[in-house]
Amino acid sequence: MQQSRLYIARLVLEADTALSINSGSPDGVFDTALVRDANNLPAIPGSSLAGVLRHLWRDEYGQADENSLFGFQAGSEGAASPLSISWGVLLNSKGNAAEGLILDKQYLQDPLYASVLQQMDTPVYRDRVRLGHKGAALDSGKFDRAVLPAGHRFALEIRLWAKPEEDDVLWRQLLALLIHPGFRLGGATRAGLGRMKLVSLHQQQFDMKNPQSRDAFLGVCRT
Amino acid sequence: MSTLQGEVLLGRSRSAEYGRVRIRTMELDRPSPGSISNEALTLWLLSDVALIDSQGRMSIEPNGDTLGIPDAAVAWDKTFVRTRRYSPWNAARHGFDRERQVLTAGSVIHLNLKTALSVEMISRLHQGLGLYREAGLGRVWVNPPMLADEHPSFKSTNRPDTAVSPGKPDDPLIAWLQSRRTDWKEQAEEEARRLAESIAAAIKRARHFAGVAPALPYGPSKSQWGTVMHAAKNAHSSQALQQKLFEGDAAVIKPKGEGWLIEIPPEDGREEWKNLASFLREQLKPKDEADRIYIHKIRVLSRHLQDDIEKRRV
């Protein structure tokens, strides 16, 4: 049977502690740089969130359904994931998302956006030290980690395709992970960074074989 | 010729939209031959030339026979020839064509003549040499003026450059792309590198004068430059950073501070001796530049000097 049932959840996550999702492309002065979108605003890559959810899923529910939910590749075997997770886009001080390429400079002059854009040149960072096996700082072990201060909010969307005869257990189990105590994003999570708080979640399911449900899906605001 | 005009696809992976070219005809000035000498002839190959000898065999040896100029001998001391062989792919037949052995474009052949060439002969040479002329091979320039003397001489074509560069489209996307440019960062980093070299050279002069062995620490330590870096990392304006570095009792670089007080001998003997703190104060004075350029420059500069100390280069 074809996967014709679509679950959609739109949610807002707030950084409960400072968030540090790094791009892996430092500028030669600071050792790390935050992942930013085309508008230079800090963002959460969908793959980052998917990786954390997959890890939590395995810890919480075991390996059953892991591959079918998140996809897998093993030699010549493999399957695509029915789950898709959007990038998390930063909300401004009025709670609106900066989705897509923002060409209106006025929009980026929002105080919250102006603050994080300023952090491009002067990032907020934490000094860290790499420890050796004896628990002492290693030579040349000092480094810094750029962070986004706590309180910033991101909007994102999660979609899951399912067969119509399936119940919504997987979907509910998946959403439950968003309030899991171990739900943290980015790096240095063991140092307290990256704890996320679920602020709001709106969800709906659509049966694409049902004309009324399909029309309702088409009516969902895309931006 | 009309079938050639328009858009065509050339080369490989055409189904993947590679190789789309637009063809139009245009008039080209043929290079005019230089002054004709009765005793010598110079040929400059403007494209590959595929020669054949009198037996119809391909040849890569230029001589009177293969060039079609009887009574001519190649002056090898004035000749420069390179060759190559290849088999062109024939897309219509899905196979390779006959192998070609050619003298490559750019080769120069100098011939000593026993009898002067007629005007008709010169004109025939200008029409092209050898095989595959329909495919663009065989173009030569007879007695090019540029090669008349021992060293090539270049002259302006006197052709005004009429090409007008396209203006910037009035599109917000272009403005966004320009805003992504990081020229200022590269400029700051280049300047920081130059400054770091100058400061390292000054410390080396001081070390040399004081007679301190390279293995011994001298001047500011790595962690002192780390403090400079820390100040730059947290600075929001050039002025604030300058003050933090040099002003007051809590300055990072103090004239009487350990490491910063070493005396720098003048480079050319005309200037006065200064201690390193004063030297740096002059060197690191903000110019007429944006805050972020100055701040980034100081950050990169201190990183360079930390590396120099780590690797014992100062």
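Everything below is about the structure printed above this text.
Rules behind the numbers
Residues numbered from 1 in each chain as written. Chains lettered and ligands numbered in written order. Predicted model: local features only at pLDDT ≥ 70, side-chain atom pairs only at ≥ 80, totals over all residues. Heavy atoms only, no water. Buried < 20%, exposed > 50% of the residue type's maximum accessible area, 1.4 Å probe, protein only. Helix = DSSP H or I, 4+ residues; strand = E, 2+ residues; numbered from the N terminus. Arc of directions from axis to C-beta. Contact = heavy atoms within 4.5 Å. Axes fitted to C-alpha atoms, helices over the stretch in contact; angles between N-to-C directions. Nonpolar A, V, L, I, M, F, W, Y, C, P; charged D, E, K, R; others polar. Pairing = 2+ DSSP bridges. Buried area = accessible area lost by both parts, 1.4 Å probe. Salt bridge = Lys/Arg side-chain N within 4 Å of Asp/Glu carboxyl O.

Sorry if this is basic, but what is going on with helix α2 (residues 119-127) of chain B here?
Note on helix geometry: an α-helix contains 3.6 residues per turn, so any two residues three or four positions apart are oriented the same way. Residues and elements named next belong to chain B. Regarding α2, the residues found buried are Met121, Ile122, Leu125 and His126. Buried residues of α2, seen end-on, are gathered within an arc of 145° and therefore sit on one face of the element. When the buried face of α2 is taken as reference, the exposed residues oriented beyond 90 degrees from it are Val119, Glu120, Arg124 and Gln127. Next to the buried residues of α2 lie β3 (40-45) and β12 (140-142).

For this particular structure, what's the right way to read the packing of helix α6 (residues 238-246) of chain B against helix α8 (residues 291-310) of chain B?
In a packed pair of helices, the relevant descriptors are the angle between the two axes and the axis-to-axis distance. Residue and element names in this part refer to chain B. Two elements in contact, α6 and α8, have axes whose closest approach is 9 Å; the angle formed by their N-to-C orientations is 35°. Facing Ser238, Leu241, Gln242 and Leu245 of α6, the residues of α8 in contact are Asp291, Tyr294, Ile295 and Ile298. Split into classes, the residues belonging to the contact of α6 with α8 amount to 5 nonpolar, 2 polar and 1 charged.

Just to check I follow, could you spell out the pairing of strand β7 (residues 137-146) of chain A for this structure?
Taken residue by residue, a regular strand's side chains alternate between the two faces of the sheet. Residue and element names in this part refer to chain A. The sheet contact formed by strand β6 (residues 125-131) and β7 spans 6 bridges and is antiparallel. Counterpart to Leu131 in the pairing with β7 is Ala137. Hairpin connection of β6 to β7: 5 residues between the antiparallel strands, including Gly135 at a positive phi of 85°.

Is there a simple way to think about the interface of chain A and chain B in this case?
Many descriptions give the size of an interface as the accessible area lost when the pieces come together. Each partner contributes residues to the interface: chain A has 17 residues there, and chain B has 20 residues. Summing both sides of the interface, chain A and chain B together bury roughly 1,400 Å²; the carbon and sulfur share of this comes to 47%. Looking only at chain A, the three residues that lose the most surface to chain B are A:Val29, A:Asp121 and A:Tyr125, adding up to 35% of its buried area. Linking chain A with chain B are 4 salt bridges.

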